Amino acid sequence: GGTAIYVRDVASGQPKRVTAAGGSAHAEDGAVWSRDSHALAFLSDAANAGQKQVYLYDVDGAAAPRRVTDVKGQLADPKWSADGKQLAVLFVAGSTQQTGALVAYKPDAGVVGDAFDEQRIAIVDLSNGDLREVSPANFYVYDYDWSPDARAFAAEAVQGSGTNNYWIAQLYTIRADTGAATSIWKPPLQLAGPRWSPDGKSIAVIHGIMSDEGSTGGDIY
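Peer 1: When you look at the overall build of the chain in this model, what are you seeing that I'm missing?
Peer 2: Along its length, the chain carries zero helices and 17 strands. Relative to its length of 221 residues, the chain is compact, with a C-alpha radius of gyration of 18 Å against a globular reference of 17 Å. Its C-alpha atoms put the chain at 50 × 40 × 35 Å along the principal axes. Buried positions account for 45% of the 221 residues belonging to the chain. Within the chain, contacts between residues separated by at least 24 positions form 38% of all contacts whose residues are at least 6 apart in sequence. Just so you have it, the chain exposes about 11,300 Å², and 50% of that area is on carbon and sulfur atoms. Computed over 18 positive and 26 negative side-chain charges, the inter-centroid distance for the chain is 3 Å.

Here it is in structure tokens:
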């Protein structure tokens, strides 16, 4: 089995499959439009089952989607910068483990100083496929959003294990150049879905009692 991405023309109603896998079944997801609507970025394991890569599709062209990255690790949640010049992803380097707080995960050893598989914000150079990890190496990022000037990220993140600490995640800003992280809110409950306002002056989040990652319930702050 697999998943597929379709683009449906509003005027004609005709759906068109966008795929790097030809006619075969592969995992393809994470489709996100560029701000000018001329490109579609998505994730596909067409080249190697179980290992997703970033692909870029020129909506106006006739060519097949172009593979951008060649990484080993878990990729998730691609997002374009507002200026359309950069693409960010969540990345767990070298890992074949599915991401998230709810998956069956290899046990953390629990010894002080042990390394965890951290999910980090990374920026992909669309011209050559280079991937640069941005957020701190000891942070696990659950969700994130670009600032409108593409100079920083809002991040729902914790220090240490992403498996055990989802329920104490804080709201951070993370600089896109240096990766410097600043906590701007330590919520009394749990937060999710940070989204930066277009004018750059505010960050909205959902805040409340959430039983698990993805079960986001509460109020908007």
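So much for the structure itself; the text now carries on.
Peer 1: Before we go on, may I ask you to explain unusual backbone geometry in this structure?
Peer 2: The phi angle of most residues is negative, glycine excepted, and most peptide bonds adopt the trans form. If you check the backbone angles, D77 has positive phi at about 55° while not being a glycine. Tracing the backbone through its elements, the reader meets D77 in strand β7 (residues 73-80). Look at A150: it is not a glycine, yet its phi comes out positive at around 65°.

Peer 1: Help me out: how do you make sense of the sheet that holds strand β6 (residues 66-67) in this one?
Peer 2: Note: strands within a sheet are paired through backbone hydrogen bonds, in either parallel or antiparallel orientation. Across the sheet, four strands lie side by side as β3-β4-β5-β6; this open sheet has antiparallel pairing. With partners counted over all chains shown, the strands left at the sheet margins are β3 (28-33) and β6, one partner each. Bridge analysis of strand β5 (residues 53-58) against β6 gives two bridges, and the strand direction is antiparallel. Counterpart to Y55 in the pairing with β6 is R67.

Peer 1: Explain the sheet that holds strand β14 (residues 181-185) to me, please; I cannot follow it from the model alone.
Peer 2: Here four strands make up an open sheet; going across it, the order is β11-β12-β13-β14 and the pairing antiparallel. Looking at the sheet topology across the chains shown, the edges are occupied by β11 (139-146) and β14. Strand-to-strand, the axes of this sheet are offset by a mean angle of 35°, without reference to chain direction. Judged from the four bridges that link them, strand β13 (residues 170-175) and β14 form a sheet pairing that is antiparallel. Looking at the pairing, I174 lines up with A181 of β14.

Peer 1: Please clarify how the pairing of strand β9 (residues 120-124) should be interpreted in this entry.
Peer 2: Two faces belong to every sheet, and in a regular strand the side chains alternate between them. With five of five residues buried, β9 lies mostly within the body of the structure. Burial of β9 is two-sided: the residues R120, A122 and V124 facing one way and the residues I121 and I123 facing the other way are all buried. As paired elements, strand β8 (residues 87-93) and β9 share five bridges and run antiparallel to each other. When the sheet's bridge partners are listed, A88 is paired in β9 with I123.

What counts and what doesn't
- Residues numbered from 1 in each chain as written.
- Predicted model: local features only at pLDDT ≥ 70, side-chain atom pairs only at ≥ 80, totals over all residues.
- Heavy atoms only, no water.
- Helix = DSSP H or I, 4+ residues; strand = E, 2+ residues; numbered from the N terminus.
- Rg over C-alpha atoms; globule rule 2.2 N^0.38 Å.
- Buried < 20%, exposed > 50% of the residue type's maximum accessible area, 1.4 Å probe, protein only.
- Contact = heavy atoms within 4.5 Å.
- Areas by Shrake-Rupley, 256 points an atom, 1.4 Å probe, with all protein chains shown as cover.
- Lys, Arg positive; Asp, Glu negative; His and termini not counted.
- Charge placed at Lys NZ, Arg CZ, Asp CG, Glu CD.
- Pairing = 2+ DSSP bridges.
- Axes fitted to C-alpha atoms, helices over the stretch in contact; angles between N-to-C directions.

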